Amino acid sequence: EVRLEESGGGSVQAGGSLSVSCTGSAFSSDDSDMGWYRQAPGNVCELVSIIRSDGTTYYSDPVKGRFTISRDDAKNAVYLQMNSLKYEDTARYYCAVDQPYHMGTRSNARIICSGHWGQGTQVTVSS
């Protein structure tokens, strides 16, 4: 089974920066979509960013211009650099992997944010 481990979360003041990382096993990342989702209590599981195997990226409107996603296929890893953090970025962040072009269209966000593949990492931004 795919296993994912997120790390790097923590508490930061608004306007600050934080970087979260994810490494996985039991999958091949070189031909996969990789990305990040987030969920705050009472909110839906929100797609944040995608990086596809060819390096193309997607960012949701709330994070455009502030977040940067990257990947290292040799390490089965995906990263998210978060700058100019806002209070509304507070959430638990989950990484994800899926078949090419499935993320953002067919990936099951509810399962991702349930912790089925990884426990996520908490990001808390104070104002």
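Treat the numbers as computed from the prediction; the structure is a model and nothing was measured. (Residues numbered from 1 in each chain as written. Predicted model: local features only at pLDDT ≥ 70, side-chain atom pairs only at ≥ 80, totals over all residues. Heavy atoms only, no water.)

**Q** Tell me what's going on with the state of the cysteines, and back it up with residues and numbers.
**A** Overall, the coordinates contain two disulfides when judged by the stated rule. Here Cys 22 is linked by a disulfide to Cys 95, with a sulfur-sulfur distance of 1.9 Å. Within this pair, whereas Cys 22 is found in strand β3 (residues 18-25), its partner Cys 95 is found in strand β9 (residues 91-98), the two being separated by 73 residues in sequence. Looking at Cys 22, the relative accessible area reads 1%, which means it is buried. Between Cys 45 and Cys 113 runs a disulfide, and the two sulfur atoms are separated by 1.9 Å. Residues Cys 45 and Cys 113 are joined by a disulfide whose S-S torsion is about 60 degrees; by sign, that bridge is right-handed. Of this pair, Cys 45 sits in the loop between β4 (33-39) and β5 (46-51) while Cys 113 sits in helix α1 (residues 109-113), and the two are 68 residues apart along the sequence. Here the disulfide map of the protein chain reads 1-3, 2-4, the bonded cysteines being numbered as they appear in the sequence. (Disulfide = S-S within 2.5 Å. Helix = DSSP H or I, 4+ residues; strand = E, 2+ residues; numbered from the N terminus. Buried < 20%, exposed > 50% of the residue type's maximum accessible area, 1.4 Å probe, protein only.)

**Q** Residue-level account of the sheet that holds strand β10 (residues 121-126), with values.
**A** Sheets are built from strands paired through backbone hydrogen bonds, the pairs being either parallel or antiparallel. Pairing is mixed in the open sheet, where six strands are placed in the order β2-β10-β9-β4-β5-β6. Single-partner strands in this sheet number two, and they are β2 (10-13) and β6 (57-59). Adjacent strand axes in the sheet meet at a mean angle of 25 degrees, parallel and antiparallel pairs treated alike. Pairing analysis gives five bridges linking β4 to β5, with the strands arranged antiparallel. Bridge pairing in β5 places Gly 35 opposite Ile 50. (Pairing = 2+ DSSP bridges. Axes fitted to C-alpha atoms, helices over the stretch in contact; angles between N-to-C directions.)

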